[in-house]
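Here's the letter readout for the chains.
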Amino acid sequence: MIDKNENKEMIEAVALLAKEKNISKEVLFSAIEEALKSAYKNNFNKQYGVAPSSASVRVELDRVTGAVRLYARKTVVQWVIDDAGEISIEDAQKIQPSYQEDDIVEVEVTPNNFRRVAAQTAKQVIVQKIREAERGKVYDDFIEKENEILTAIVHSVDPETRDVYVELGKTEGVLEPAQQMAADVYAPGERFKVYVLEVVADRRLARPGAKHGPQVSVSRIHPGLVKRLFELEVPEIQSGVVQIKSIAREAGSRTKMAVHSADPMIDPVGSCVGPRGQRVERVVTELRGEKIDIIKWSSDPAEFVANALNPAHVINVFVSDKEKACRVVVPDNQLSLAIGKEGQNARLAARLTGWKIDIKSQTQIDAEIASGEFSEEPESEEPEI
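What this report covers is the structure whose coordinates are included nearby. On a predicted model such as this, the values are computed, not experimentally measured, just so you know.

1. Looking at the pattern of salt bridges
No. 1: Across all of its chains, the model carries 23 salt bridges by this definition.
No. 2: The shortest N-O distance in the salt bridge between Arg279 and Glu236 comes to 3.0 Å. With Arg279 in helix 9 (residues 278-286) and Glu236 in helix 7 (residues 235-239), this pair connects stretches of sequence that are 43 residues apart.
No. 3: For Arg279, a relative accessible area of 15% puts it in the buried group.

Structure follows, in structure tokens:
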């Protein structure tokens, strides 16, 4: 049997580790029992040349004193062939006279020389179990943070993959190149907000060849980052008085966000902009100068599309519900503004509203009317540039 005093020290160590690491003591006790079971089977195999799997062992660890006993489960047989899993009927009846053939008997098998082997094996497995428990706790903590934002501190940058590794409190996150903003500086120590995309229990599942442990994938380009930033800055959004209906984003360049309030006394756009533009400015600063258009959402598709094309002024919108498409008429001097540089304004408006948008100037519409070719149906989903 293992020295009782040494086992008591082990129990005290378990209690200390459980408190420091915030890990269940039962998790650690189970780890010790598994270690002792493994140590016995390996020891038994060396002594008798029997495969460890053939020995069914139960470990009894006293949670208070640390006393350890090992019991082997053996089948009562007439003739013993397998010492690891069988016991003769004569020996079984010495333990209890009522035992008969095919009964299962538990026999204490704690070796005298077991202490050193068990202690060494237990230590190794306990350390591993502690790591696993810590990784599991990290996963449990962060799985609840999916779709939330966290403050990240740049730790390092992989020169080959360009992955940015960031500190997220007690664990590490990875910001892959496809999720990075060009305007960000990824030098060690830099701080910024990130959007938690996904948490996986074992990063090797997501990234073959990576180290074992949970992985937190984060983003700087996801539209959800903008949404969460405004939720932090705007009390009316936090309370639910103002709702963010949709967001369309081209990260680092421009974002359009549609907002709505069921209370006619609340200006949803003004609430998001804030006094002297302070609220939206704080979001813009976090996004490294990204332009943000805050527009008023409407259940009327024509009004919503017209608002979405801000800052351009819209004369008329012809809607085709069947195609979920619309034809927009703007003043001649507003055509370029409505379309935007390289079509960005129209493209974001289409994504924001979910409607295909065909933009025409007033002169173009007048020419179509004069030639008899005018139709309220849009010609294509792509704006004419």
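Having seen the structure, we can now continue with the description.
2. Overview of the side chain of Gln334
No. 1: Within the secondary structure, Gln334 is located in the loop between strand 14 (325-330) and helix 11 (335-339).
No. 2: Taking relative accessible area as the criterion, Gln334 reaches 16% and is therefore assigned buried.
No. 3: At 2.7 Å, the side chain of Gln334 and the backbone nitrogen of His313 are in polar contact.
No. 4: Non-local contacts of Gln334, meaning those with residues more than four positions away in its chain, are made with Pro311, Ala312 and His313.

3. Things to note about the sheet that holds strand 13 (residues 316-320)
No. 1: Pairing in this open sheet of three strands is mixed, and the strands run 13-14-15 from one edge to the other. Whereas interior strands pair on both sides, the edge strands pair on one side only; in this sheet they are strand 13 and strand 15 (356-361). Between one strand and the next, the sheet's axes are offset by a mean angle of 20°, whatever the strand orientation.
No. 2: Bridge count between strand 13 and strand 14: five bridges; the pairing is antiparallel.

4. Notes on the sheet that holds strand 7 (residues 171-175)
No. 1: Pairing within the closed barrel is mixed, and its five strands lie in the order 5-6-7-9-8. Sheet twist, expressed as the mean angle between neighbouring strand axes with direction ignored, is 55°.
No. 2: By the bridge criterion, five bridges tie strand 8 (residues 191-200) to strand 9 (residues 215-219) in an arrangement that is antiparallel. Bridge pairing links Val200 to Gln215 in strand 9.
No. 3: This element, helix 6 (residues 223-233), spans strand 5 (149-157), strand 8 and strand 9 of the sheet and lies at about 120° to strand 8.

5. Looking at the packing of helix 6 against helix 9
No. 1: Remark: helix 6 packs on helix 9, axes separated minimally by 10 Å, with the N-to-C direction vectors making an angle of 140°. In terms of axis orientation, helix 6 runs oblique to helix 9. Considering the relative orientation of helix 6 and helix 9, their crossing is right-handed. Across the interface between the two elements, Leu229, Phe230 and Glu233 from helix 6 touch Arg279, Val280, Arg282, Val283 and Glu286 from helix 9.
No. 2: Along the lines of polarity and charge, the residues of the contact of helix 6 with helix 9 split into four nonpolar, no polar and four charged.

6. Here's the deal with the nonpolar core
No. 1: Counting residues in each nonpolar core, the largest one holds 26 residues, and the members touching the most others are Ile32, Leu70 and Val105.
No. 2: Counting residues per element, the ones that place at least two in this core are helix 1 (4-21), helix 2 (25-48), strand 1 (56-61), strand 2 (68-77), helix 3 (89-95), strand 4 (104-108) and helix 4 (114-143).
No. 3: When residues of this core are assigned to their parent elements, the largest contribution, five residues, is made by helix 2.
No. 4: Setting aside chain neighbours within four positions, we find Val105 in contact with Ala72, Arg73, Lys74, Val76, Ile87, Ala92, Ile95 and Tyr99.
No. 5: Membership of the second largest hydrophobic core comes to 24 residues, among which are Ala302, Ala338, Ile339 and Ala349.

7. Considerations on the pairing of strand 10 (residues 242-250)
No. 1: Counting buried positions along strand 10 yields seven of nine residues, so the element is predominantly enclosed.
No. 2: Two strands pair when backbone bridges link them, and strand 10 and strand 11 (residues 254-261) are joined in this way by eight bridges, in the antiparallel orientation. Directly across from Arg249, in strand 11, lies its bridge partner Thr255.

8. Examining unusual backbone geometry
No. 1: Of note, the amide linkage connecting Asn310 to Pro311 takes the cis form, showing an omega dihedral of 20°.
No. 2: Tracing the chain through its elements places Pro311 in the loop between helix 10 (301-308) and strand 13.
No. 3: At Asp102, a residue that is not glycine, the phi angle is positive and equals roughly 80°.
No. 4: Topologically, Asp102 is positioned in the loop between helix 3 and strand 4.
No. 5: A positive phi angle, near 55°, is found at Glu342, a position not held by glycine.
No. 6: Along the polypeptide, Glu342 turns up in the loop between helix 11 and helix 12 (344-353).

What counts as what
- Residues numbered from 1 in each chain as written.
- Predicted model: local features only at pLDDT ≥ 70, side-chain atom pairs only at ≥ 80, totals over all residues.
- Heavy atoms only, no water.
- Salt bridge = Lys/Arg side-chain N within 4 Å of Asp/Glu carboxyl O.
- Helix = DSSP H or I, 4+ residues; strand = E, 2+ residues; numbered from the N terminus.
- Buried < 20%, exposed > 50% of the residue type's maximum accessible area, 1.4 Å probe, protein only.
- Polar contact = N/O pair within 3.5 Å; in protein donor to acceptor, adjacent residues only side chain to side chain.
- Contact = heavy atoms within 4.5 Å.
- Pairing = 2+ DSSP bridges.
- Axes fitted to C-alpha atoms, helices over the stretch in contact; angles between N-to-C directions.
- Parallel < 35°, antiparallel > 145°, perpendicular 65-115°, else oblique.
- Left-handed = near helix turned anticlockwise from the far one by under 90°.
- Nonpolar A, V, L, I, M, F, W, Y, C, P; charged D, E, K, R; others polar.
- Core = buried A, V, L, I, M, F, W, Y, C linked by side-chain atoms within 4.5 Å.

Honestly, it's all geometry; don't read function into it.
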